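Observations on the three-dimensional arrangement
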Amino acid sequence: MIRIRGMHKSYSTGKVVTEVLRGVDLDIEDGEFISVIGPSGSGKSTLLHAVGGLDSDYKGSIEVDGKDLATLSDAELSGYRNETVGFVFQSFYLLPHLTCLENIALPAVFKRGAQMDTQAANARAKAVLEQVDLAEKADALPTMLSGGQRQRIAIARALFNEPKVMLCDEPTGNLDSKTGAAVIELFRTLNERDGITVIIVTHDPRIADSTPRKILVADGSLTEVDDADPDAEADA
Ligand code: ADP
């Protein structure tokens, strides 16, 4: 589980200090499916990056399965990023000269400890391609795919190391609404079938309404949004 306590994050640009998160607390249980909403610039990505170990420059604590991320060495933190969490972004960040299968197997290159041989990496990449329903695209180049298919390949790459948690920053931001809805359905399947905790930052109220739990980031704090209380997200 993820346990955030008193997390404070500010950015300094020259003499200007922007306080983005002002001492926030949050508990996320294993297997939850959560959307994170809020005005642009409110700190949604900041929160996601810190939970994903991409940013360690904050005050307070983020514990994942009882380990405080701030106490991890650089090597441990990079292991955490590779093995415990999977990232999905608005841009797909696929390498255009590699096939879909090669893109998906990239995390094997960065794996710590026992290296995976190419055969094992390919077998794992094929398994995750099936998980995202694109087995037939193994040898295709990303440029030959639609936006929705490219995002599924990016999701497959994020699944390669069997993460417990998927951290998704506007994953449907570059997709039309129908394709976006299908990507969200894929996350729902990964959550319900495979038990992966899914956290999605989104601007899309339909996506936010479709998740069992919704967190609003605004004015430096986090609020649980209860759908029975329409005022809570009035300015989100
Ligand atoms: P959101 O994801 O909700 O749109 P962000 O977490 O990206 O918001 O950003 C929150 C605030 O922090 C914004 O005001 C943004 O301009 C500022 N910010 C984000 N990253 C940096 C940075 N690297 N340096 C300075 N300011 C930043």
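Placed above this text is the structure.
Not measured: the values here are computed from a predicted model.

A short note on the side chain of Thr99
With respect to the element layout, Thr99 can be found in the loop between strand E6 (85-89) and helix H3 (100-109). Judged by its relative accessible area of 17%, Thr99 falls in the buried class. Beyond its immediate stretch of four places on either side in the chain, Thr99 contacts Ala138, Asp139, Ala140 and Leu141.

Some remarks on the side chain of Lys214
With respect to the helices, strands and loops of the structure, Lys214 is situated in strand E9 (residues 213-218). The class for Lys214 is buried, based on a relative accessible area of 2%. One polar contact links Lys214 to Asp209, side chain to side chain, over a distance of 2.7 Å.

A short note on the pairing of strand E2 (residues 16-28)
Pairing of strand E1 (residues 2-13) with E2 involves ten bridges; the strand directions are antiparallel. Pairing of Lys9 across the sheet is with Leu21, part of E2.

Looking at the site of the ligand
Within the structure, the ligand sits among Tyr11, Thr13, Val20, Pro39, Ser40, Gly41, Ser42, Gly43, Lys44, Ser45 and Thr46. Between the ligand and Gly43 there is a distance of 3.0 Å, counted from an oxygen atom to a backbone nitrogen or oxygen. In the environment of the ligand, an oxygen atom lies 2.8 Å from a nitrogen or oxygen atom belonging to the side chain of Ser45. If the ligand stood free it would expose 560 Å²; the protein chains cover 59% of that surface. Counting residues per element, the ones that place at least two in the shell around the ligand are E1 and helix H1 (44-51). The leading source of residues in the shell around the ligand is H1, at three residues.

A short note on unusual backbone geometry
Positive phi outside glycine occurs at Asp65, with the angle close to 50°. Residue position: Asp65 is located in the loop between strand E4 (59-64) and strand E5 (67-68). Owing to a relative accessible area of 42%, Asp65 belongs among the partly exposed residues under this scheme. Even without being glycine, Glu170 reaches a positive phi, approximately 50°. Secondary-structure assignment places Glu170 in the loop between strand E7 (165-169) and helix H6 (177-194).

Remarks on the packing of aromatic side chains
One pass over the full model with this rule turns up two aromatic pairs. Ring geometry for Phe87 and Phe89: centres 5.9 Å apart, planes at 5°, overall stacked. Its relative accessible area of 17% is what places Phe87 among the buried residues. Taking relative accessible area as the criterion, Phe89 reaches 26% and is therefore assigned partly exposed. Aromatic side chains Phe89 and Tyr93 sit 5.8 Å apart centroid to centroid with 75° between the ring planes, which places their arrangement in the edge-to-face category. Members of the aromatic cluster, joined through ring pairs, are Phe87, Phe89 and Tyr93.

Some remarks on the pattern of salt bridges
Summed over all chains, the structure comprises eleven salt bridges. The shortest N-O distance in the salt bridge between Asp27 and Arg5 comes to 3.0 Å. One end of the pair, Asp27, is in strand E2; the other, Arg5, is in strand E1, and 22 residues separate them in sequence. For Asp27, a relative accessible area of 30% puts it in the partly exposed group. By relative accessible area, Arg5 is classed as partly exposed at 28%. A salt bridge links Lys9 to Asp57, with the nearest nitrogen and oxygen atoms 4.0 Å apart. In this pair, Lys9 sits in strand E1 while Asp57 sits in the loop between H1 and E4, placing the two residues 48 residues apart along the sequence. The exposure class assigned to Asp57 is exposed, which follows from its relative accessible area of 56%.

Parameters at a glance
- Residues numbered from 1 in each chain as written.
- Predicted model: local features only at pLDDT ≥ 70, side-chain atom pairs only at ≥ 80, totals over all residues.
- Heavy atoms only, no water.
- Helix = DSSP H or I, 4+ residues; strand = E, 2+ residues; numbered from the N terminus.
- Buried < 20%, exposed > 50% of the residue type's maximum accessible area, 1.4 Å probe, protein only.
- Contact = heavy atoms within 4.5 Å.
- Polar contact = N/O pair within 3.5 Å; in protein donor to acceptor, adjacent residues only side chain to side chain.
- Pairing = 2+ DSSP bridges.
- Near = heavy atom within 4 Å.
- Areas by Shrake-Rupley, 256 points an atom, 1.4 Å probe, with all protein chains shown as cover.
- Phe/Tyr/Trp six-rings, centres within 6.5 Å; stacked < 30°, edge-to-face > 60°.
- Salt bridge = Lys/Arg side-chain N within 4 Å of Asp/Glu carboxyl O.

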